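# Summary of the model geometry
Listed below, chain by chain, are the residues.
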Amino acid sequence: FFTTFAYYLASPLNIIVIFFNSGNMDIGVEILTLIKILLIANSAVFYLKHTYKYEKNDIIIFGLIYAYCSYVICYSFHIMWLDCLYVLPIALYFVDKFIDGGKIYPVILTLTYGLWTNYYLGFINAFVAGLYFIAKYIIINKITEKGQIKKFVKKLMIFIFSIAISFGIIMVLFIPSIKQLSGNMSTQNTKIINIENEKIAALSNVFFNNYVYDYSEQAGLMFASTIIIALIPLYYLNKKVDIKEKIVFSSILIFLMLPIISPILN
């Protein structure tokens, strides 16, 4: 039962179940899901407000878009996966603070909380935070200047060590789980590139929100809303956005999409 607890029940928000019995637990689960979706929306608004200094009223719609992306809609019944979605924007906020000279321990605590609620998605949070750290550091700093590479490597090592500490803290949950799951962890296709017509169809299926069940597992649930796709050209045409930022974030986006055509990356 301990490994079941570690995967499904570790979120502190689950304390809400004490107010319900087996006869009305379905209502408790609905309320818990609603609370998490509210937290997801508000964490996105918090990140955008404090990182980009936008007015709160201007970014509520983007908080809602994040909260009701296809991932949340399709996987909302996996309530143990929802915690990490409200943790991620907070983690990225603290990553920005660390890059600006702040302490690393808020990053450690935030990632640890995400890993504790669900190590499966918590790992993804740590991975995305790492990519985000590299991207933002390159965007903010002139990495080619003398001494900057050394500073970057030093900060990166501290960041990697902080992620290791976060994993170390939740080992009480993770070690029993990994022992139980180790027999199920395998890959059948180790090709570097494997382009199939079905995967191209799956990708277009996501972009144009034409949901086809057979393609959903292949393409990943990354669709947010039509308005996001419509705004992409404006992002690249916006002269206030630095060209370096456009290149770096575009590179990250391409990298995150590569598992669609690369089984080994997947």
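Residues numbered from 1 in each chain as written. Predicted model: local features only at pLDDT ≥ 70, side-chain atom pairs only at ≥ 80, totals over all residues. Heavy atoms only, no water.

What follows concerns the overall build of the protein. When you go through the protein residue by residue, the secondary structure sums to 13 helices and zero strands. Starting at the N terminus and walking to the C terminus, you meet the elements of the protein as α-α-α-α-α-α-α-α-α-α-α-α-α. Of all 266 residues assigned to the protein, the portion counted as buried reaches 40%. Long-range contacts, defined here as pairs at least 24 residues apart, represent 66% of the contacts in the protein between residues at least 6 apart. (Helix = DSSP H or I, 4+ residues; strand = E, 2+ residues; numbered from the N terminus. Buried < 20%, exposed > 50% of the residue type's maximum accessible area, 1.4 Å probe, protein only. Contact = heavy atoms within 4.5 Å.)

The next subject is the packing of aromatic side chains. When we look at a pair of aromatic rings, we describe it by the centre distance and by the angle of the planes. This structure, assessed with the given rule, holds 25 aromatic pairs. Aromatic pair F98 and F133: ring centres 6.0 Å apart, planes at 35 degrees, arrangement tilted. Of this pair, F98 sits in helix α5 (residues 83-99) while F133 sits in helix α7 (residues 119-140); the two residues are 35 residues apart in sequence, bridging distant segments of the chain. Side by side, F98 and F133 carry an identical accessibility label, which is buried. Each residue in the set Y7, Y8, Y71, Y75, F77, W81, Y119, Y120, F123, F167 and F174 is aromatic and connected to the rest through ring pairs, giving one cluster. It is K155 that lies over the ring of F98; its NZ or CZ is 4.2 Å from the centre. (Phe/Tyr/Trp six-rings, centres within 6.5 Å; stacked < 30°, edge-to-face > 60°. Lys NZ or Arg CZ within 6 Å of the ring centre and 35° of its normal.)

A few words on the nonpolar core. One finds V95, F133 and F159 to be the most contacted residues of the largest nonpolar core, which totals 49 residues. The set of elements that each furnish at least two residues to this core consists of α1 (2-9), α2 (25-52), α3 (56-67), α4 (70-75), α5, α6 (105-117), α7 and α8 (148-169). Contact partners of F133, with chain neighbours within four places excluded, come to V95, F98, I99, F152, K155, L156 and F159. (Core = buried A, V, L, I, M, F, W, Y, C linked by side-chain atoms within 4.5 Å.)

Attention now moves to the side chain of D83. With respect to the secondary-structure elements, D83 resides in helix α5. Judged by its relative accessible area of 0%, D83 falls in the buried class. Leave out the neighbours within four places in its chain, and D83 touches S11, L13, K36, Y113 and T117.

Attention shifts here to α8. Since the α-helix advances by 3.6 residues per turn, residues separated by three or four positions end up pointing in the same direction. Between its first and last C-alpha atoms α8 spans 32 Å; for 22 residues at 1.5 Å apiece the expected length is 32 Å, and the two agree. For α8, the full list of buried residues reads Q148, F152, K155, L156, F159, S162, I163, S166 and F167. The buried residues of α8 all sit within an arc of 140 degrees when viewed along its axis, so they share a single face. Seen from the buried face of α8, the exposed residues on the opposite side, beyond 90 degrees, are K150, K154 and F161. Buried residues in α8 make contact with α5, α6, α7 and α9 (171-181). (Expected span 1.5 Å × (residues − 1). Arc of directions from axis to C-beta.)

Further remarks concern the pattern of salt bridges. Tallied over the entire structure, the rule returns two salt bridges. For K36, the salt bridge identified is with D83, shortest N-O distance 2.6 Å. Note that K36 is positioned in helix α2 and D83 in helix α5, a separation of 47 residues in sequence. By the burial criterion, K36 is buried, and D83 matches it. For K136, the salt bridge goes to D96, with nearest N and O atoms at 2.8 Å. In this pair, K136 is assigned in helix α7 and D96 in helix α5, connecting sequence segments 40 residues apart. A residue is classified by how much of its surface remains accessible, and K136, at 8% relative accessible area, is buried. Look at D96 and you get buried, because its relative accessible area is 8%. (Salt bridge = Lys/Arg side-chain N within 4 Å of Asp/Glu carboxyl O.)

Now for the environment of F133. A residue is classified by how much of its surface remains accessible, and F133, at 0% relative accessible area, is buried. Taking the C-alpha atoms as reference, F133 lies 9.0 Å from F98; in sequence the two are 35 residues apart.

Residue position: S11 is located in the loop between α1 and α2. In this structure, S11 is in contact with K36, D83 and T117, ignoring residues within four places of it in sequence.

In this section: the confidence of the model for the protein. In the predicted model, the protein carries a mean pLDDT of 87, and 88% of its residues have values of at least 70. When mean pLDDT is taken per element in the protein, α5 scores highest with 97 and helix α11 (residues 213-219) scores lowest with 56. (pLDDT = per-residue confidence, 0-100.)

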